[in-house]
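Breakdown of the fold
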Amino acid sequence: MSIDIGRVFSNTWEMIKQRFWLLLALWAVFFAVQIVFSIVFTIVGGGSIAALGAAAGGGGDAALLGGLGIGAILLMIVFYVAYILIALAQQCSMSEMASPLDKPEFGQAFTNGFRAAPTLLGLFALLIAAYIGFAIVGLIVGFILAFLGDIGGLLFGLLAFAAIIYFAVRLSVIIPVIAVDKVRNPITAITKTWNMTAGKFLPILVIYLIMIGVALLVVGLPVFLMLGSIGAMAMGGDPAAAGGAIMGVLGGFFLIFPLFIIFSIFSVTLVSCLHAEVTDSTAEKAQDTFS
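Structural notes, computed from the coordinates.

Below, the discussion takes up the overall build of the protein. On a plain count of helices and strands, the protein comes out with nine helices and zero strands. Secondary structure elements in the protein, listed N-terminal to C-terminal, are α-α-α-α-α-α-α-α-α. A burial count over the protein gives 33% of its 291 residues as buried.

As a further point, take helix α3 (residues 106-145). Because each turn of an α-helix spans 3.6 residues, side chains separated by three or four positions in sequence point in the same direction. Along α3, the largest kink reaches about 30° and is centred on A116; proline P118 follows within four residues of it. Inspection of α3 places A109, N112, G113, A116, A117, T119, L120, L123, G138, G142 and L145 among the buried residues, and these make up the whole buried set.

Note that soluble globular proteins tend to have their nonpolar side chains buried in a common cluster. Counting 40 residues, the largest nonpolar core has I3, M94, I178, Y208 and L274 as its most contacted members. Elements with a contribution of two residues or more to this core: α1 (5-57), α2 (62-98), α3, α5 (174-179), α6 (186-196), α7 (201-235) and α8 (239-277).

Looking at where F156 falls in the secondary structure, it is placed in helix α4 (residues 150-170). Separated by 13 residues in the primary sequence, F156 and F143 place their C-alpha atoms 9.5 Å from one another. Excluding anything up to four places from it in sequence, F156 contacts G138, V141, G142 and L145.

Attention now moves to a nonpolar patch on the surface. The grouping of F31, I35, V36, I39, V40, I43, V44 and F257 at the surface amounts to a nonpolar patch, some 710 Å² of accessible area in total. Looking at the element boundaries, I35 is found in helix α1.

Criteria and thresholds
Residues numbered from 1 in each chain as written. Predicted model: local features only at pLDDT ≥ 70, side-chain atom pairs only at ≥ 80, totals over all residues. Heavy atoms only, no water. Helix = DSSP H or I, 4+ residues; strand = E, 2+ residues; numbered from the N terminus. Buried < 20%, exposed > 50% of the residue type's maximum accessible area, 1.4 Å probe, protein only. Bend = angle between axes of the 7 residues up to and from the residue. Core = buried A, V, L, I, M, F, W, Y, C linked by side-chain atoms within 4.5 Å. Contact = heavy atoms within 4.5 Å. Patch = residues over 30% accessible without salt bridge, like charges linked within 9 Å, V, L, I, M, F, W, Y side chains within 5 Å. Areas by Shrake-Rupley, 256 points an atom, 1.4 Å probe, with all protein chains shown as cover. Salt bridge = Lys/Arg side-chain N within 4 Å of Asp/Glu carboxyl O.

If you want it as structure tokens, here you go:
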């Protein structure tokens, strides 16, 4: 099954028009959950650190101090794992909501995100292990190519970069595979994603290059505004012009946040629509969604 690049972007636009406010609400709810979770952890973690400090200041025994120290470390680990799970749940929830292959209710997408998050966390653990393995192989290859001098180093760099791009593209729709297809085994998710993107590397790469171009435009607008305003302030001169430059800097700064949210929704939707494109039942299910 070939990929119609134009259809991927047209489906992305249609899904954004249909579900933008639902996607924005999901983003906002998860953002609020992250803030509340961080506040709760700060309170609990601050109390634990205060208890550790009091025990140390009071000359507590080594066993007590060691136990409190280990507890503080474990608490930090639990916090970061939980925080990562919330972020992964957000991606899974938004991916399901943005997919042309599904019509979830808001609450359903929210809860399904948390159900899918542990699978995604396990997947990342597997990918990190695989990365370490490839890094070891890369070091061996790099050591061999080093005998070729500068040419060997350049060749190694190009090979490593090409390998990273290739694997990233081939596995790029794995979040919708987990969230939309409800694949809960990380190894099965990798296998299914690899099979779905087989023979489609180049068109998928083109799609992501276009997405990167959009990202540069979106980010470039506020950055250009800020840099231009900073340059105007550096030149000095008219106080009114300086005031306008300051407003330009502030305007660029406050533009970054909403543009980041919009691009996040766009990128999630694009990946979900790409996943739909490489799924055999795309046409039928997408027609039901858009009808």
